[in-house]
Amino acid sequence: MEFYELIEEIVSAIPDGYENVRRVAEVLLPWILGICTAATCFFGHAVHKIWNAFLFFWIGFFVPMLIIQGLFAPVGAVFWICAALSAAFGAACAYFSKKIYKVYLFISTLIMVFIAVPAYLSFLGEAGSVLAGLVLAVAAAILSIKYKYLTVIVTTAFSGSFMFFNIIERQTGQSHVLITIFAVIFALLGLAVQCYVEREELKETYEHLKERKKQIKSVPGKWKEKTTSDKKDSDIE
């Protein structure tokens, strides 16, 4: 699912009888999320926690609302009571998501990459773009657990840019090729800004990787040393 299609799904979930709300959402929501995605591109690591809270709030809000809507189709005051209860559940999901840090990092990275990337892989066909997007999303999500700073910066820079220009493309009808070029350039600029802002954290990550590499290299040497020592002890005996 493309990011803009997700926006359309959110708007279409507004029940009948609230046409004014739907019209306002159709006009404002793309541009509000456009500003948020542009900010994600340039300040992704800083706003990642906000995106995470936003994501888990909507998961917690929409899942019970869709179930209630499908089973009971409430209207009037009952609908607003259900919406308020769902919003409270969504707020609880957003709050407690930080308690399961690695899980929310995995899920938020997975969803962000998956809804941003397939729109730019259309040359693979519909099924191919979805499959490739899923593979990239899973890979990014796994890497985000191990290399938090680096993966979050790269994924937010590119996902933020791709989502932003997906909105621009659907709103303006510009050429997909031209939009893709601008999206990549915008993503690289966002990546450069984030790398500069988070340079200290990236330096720590680099030092950590160097240390891990040294540890890995030292293991065969230690084993060889131990084997030689054991052989000497055996010769003495």
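Note that the structure is a prediction, hence the values are computed from the model and not measured. Residue numbers restart at each chain and count upward from 1, following the sequence in its written direction. Given that this is a predicted model, residues contribute local features only at a pLDDT of at least 70 and side-chain atom pairs are listed and counted only at 80 or more, while totals for whole chains, interfaces and linings are drawn from all residues. Side-chain numbers come from the whole structure's heavy atoms, not from hydrogens or water.

Participant: Can you walk me through the overall build of the chain in this structure?
Facilitator: A run of DSSP states H or I qualifies as a helix once it reaches four residues; a run of E qualifies as a strand once it reaches two. Both are numbered from the N-terminal end. When helices and strands are counted, the chain shows eight helices and zero strands. Along its sequence from the N terminus, the chain presents helices and strands in the succession α-α-α-α-α-α-α-α. Here's how the labels work: a residue is buried when its accessible area is under 20% of the maximum for its type, exposed when over 50%, partly exposed in between, all with a 1.4 Å probe on protein chains only. A buried classification covers 35% of the 237 residues belonging to the chain. Contacts in the chain between residues far apart in sequence, at least 24 positions, make up 72% of those at least 6 positions apart. Counting only carbon and sulfur atoms, one obtains 71% of the accessible surface of the chain, whose full area is about 14400 Å². Only heavy atoms matter for contacts: two residues are in contact if any of them lie within 4.5 Å across the pair. All accessibility values rest on the Shrake-Rupley procedure with a 1.4 Å probe; residue burial counts only the protein chains present in the view.

Participant: How should the packing of helix α2 (residues 19-71) against helix α4 (residues 101-116) be read in this particular structure?
Facilitator: Describing two packed helices takes the angle between their axes plus the distance from one axis to the other. In the contact formed by α2 and α4, the axes pass within 10 Å of each other and the chain directions differ by 85°. As far as their axial angle goes, α4 and α2 are roughly perpendicular. Contacts from His48, Lys49, Trp51, Asn52, Leu55, Phe56 and Ile59 of α2 reach α4 at Tyr104, Leu105, Ile107, Ser108, Thr109, Ile111 and Met112. Looking at side-chain class alone, the contact of α2 with α4 contains nine nonpolar, four polar and one charged residues. Only C-alpha atoms enter the line fits that serve as axes; for helices the fit covers just the stretch in contact. Angles between N-to-C directions range over 0 to 180 degrees. Orientation labels follow simple angle bins: below 35 degrees gives roughly parallel, above 145 gives roughly antiparallel, 65 to 115 gives roughly perpendicular, and whatever is left gives oblique. Residue polarity is assigned by list, with Asp, Glu, Lys and Arg as charged and Ala, Val, Leu, Ile, Met, Phe, Trp, Tyr, Cys and Pro as nonpolar; anything else, Gly included, falls into the polar class.

Participant: Just to check I follow, could you spell out the confidence of the model for the chain for this structure?
Facilitator: Should the pLDDT be low somewhere, the predicted coordinates at that spot are not to be read in detail. The pLDDT value expresses, per residue, how confident the predictor is, ranging between 0 and 100. For the chain, per-residue confidence averages 80 on the pLDDT scale, and residues scoring 70 or more make up 87% of the total. The least confident element of the chain, judged by mean pLDDT, is helix α8 (residues 199-236) at 61; the most confident is helix α7 (residues 176-197) at 92. Low pLDDT (under 50) marks residues 229-237, which in the prediction has zero contacts with non-local residues, meaning those over four places away or in another chain.

Participant: Teacher, can you tell me more about α4 here?
Facilitator: The α-helix advances 3.6 residues per turn, and as a result positions three or four apart in sequence lie on the same side. Along its 16 residues, α4 runs 22 Å from first to last C-alpha, staying within 8% of the 22 Å computed at 1.5 Å per residue. Listed in full, the buried residues belonging to α4 are Tyr104, Leu105, Ser108, Thr109, Met112, Val113, Ile115 and Ala116. In this scheme, a helix's expected span is set at 1.5 Å multiplied by one less than its residue total.

Participant: Can you help me understand the side chain of serine 86 in this one?
Facilitator: Checked against the element boundaries, serine 86 lands in helix α3 (residues 76-96). Judged by its relative accessible area of 2%, serine 86 is buried. Setting aside residues up to four positions removed in sequence, serine 86 forms contacts with Gly60, Phe61, Pro64, Met65 and Ile68.

Participant: Is there a simple way to explain the nonpolar core in this structure?
Facilitator: Inside soluble globular proteins, nonpolar side chains tend to come together where they are buried. Counting residues in hydrophobic clusters, the biggest one holds 23 residues, and the most contacted among them are Tyr120, Phe162, Phe164, Phe165 and Phe186. At the level of secondary structure, the elements contributing two or more residues to this core comprise α2, α4, α5 (125-146), α6 (148-172) and α7. In contact with phenylalanine 186, not counting residues within four places along its chain, are Ala38, Cys41, Phe42, Ser161, Phe164 and Phe165. Only buried residues count toward a nonpolar core, which is a set of Ala, Val, Leu, Ile, Met, Phe, Trp, Tyr and Cys residues joined through side-chain atoms within 4.5 Å. Counting 10 residues, the second largest nonpolar core, distinct from the first, contains Val11, Tyr18, Phe61 and Ala83.

Participant: Would you explain α2 in this entry?
Facilitator: Between its terminal C-alpha atoms α2 stretches only 22 Å, short of the 78 Å expected from 53 residues at 1.5 Å a residue. Each residue is assigned a bend, namely the angle between axes fitted to the seven residues that terminate at it and the seven residues that start at it. The sharpest bend along α2 comes to roughly 120°, located at glycine 44. After α2 finishes, the residue alanine 73 shows a positive phi value of roughly 45°.

Participant: How should the environment of leucine 191 be read in this particular structure?
Facilitator: Mapping leucine 191 onto the fold places it in helix α7. Sequence separation between leucine 191 and threonine 156 is 35 residues; the distance between their C-alpha atoms is 8.4 Å. Setting aside its immediate chain neighbours within four residues, leucine 191 contacts Cys41, Ile153, Val154, Ala157 and Phe158.

Participant: Would you mind going over the packing of aromatic side chains with me for this structure?
Facilitator: How two aromatic rings sit relative to each other is set out by the distance from centre to centre and by the angle between their planes. Within 6.5 Å between ring centres, the rings of Phe, Tyr and Trp (the latter by its six-membered ring) count as paired, and their orientation is classed by plane angle as stacked under 30 degrees, edge-to-face over 60, tilted in between. By the definition in use, this model includes 13 aromatic pairs. A ring pair is formed by phenylalanine 164 and phenylalanine 165, whose centres lie 5.1 Å apart and whose planes are at 85°; its orientation type is edge-to-face. Each of the two residues, phenylalanine 164 as well as phenylalanine 165, counts as buried. Relative to phenylalanine 186, the ring of phenylalanine 165 lies with its centre 5.3 Å away and its plane at 80°, an arrangement referred to as edge-to-face. With phenylalanine 165 in helix α6 and phenylalanine 186 in helix α7, the pair connects residues that are 21 residues apart, well separated along the chain. The exposure class assigned to phenylalanine 165 is buried, which follows from its relative accessible area of 10%. Cluster of aromatic residues (ring-pair linked, three or more members): Phe42, Phe164, Phe165 and Phe186.

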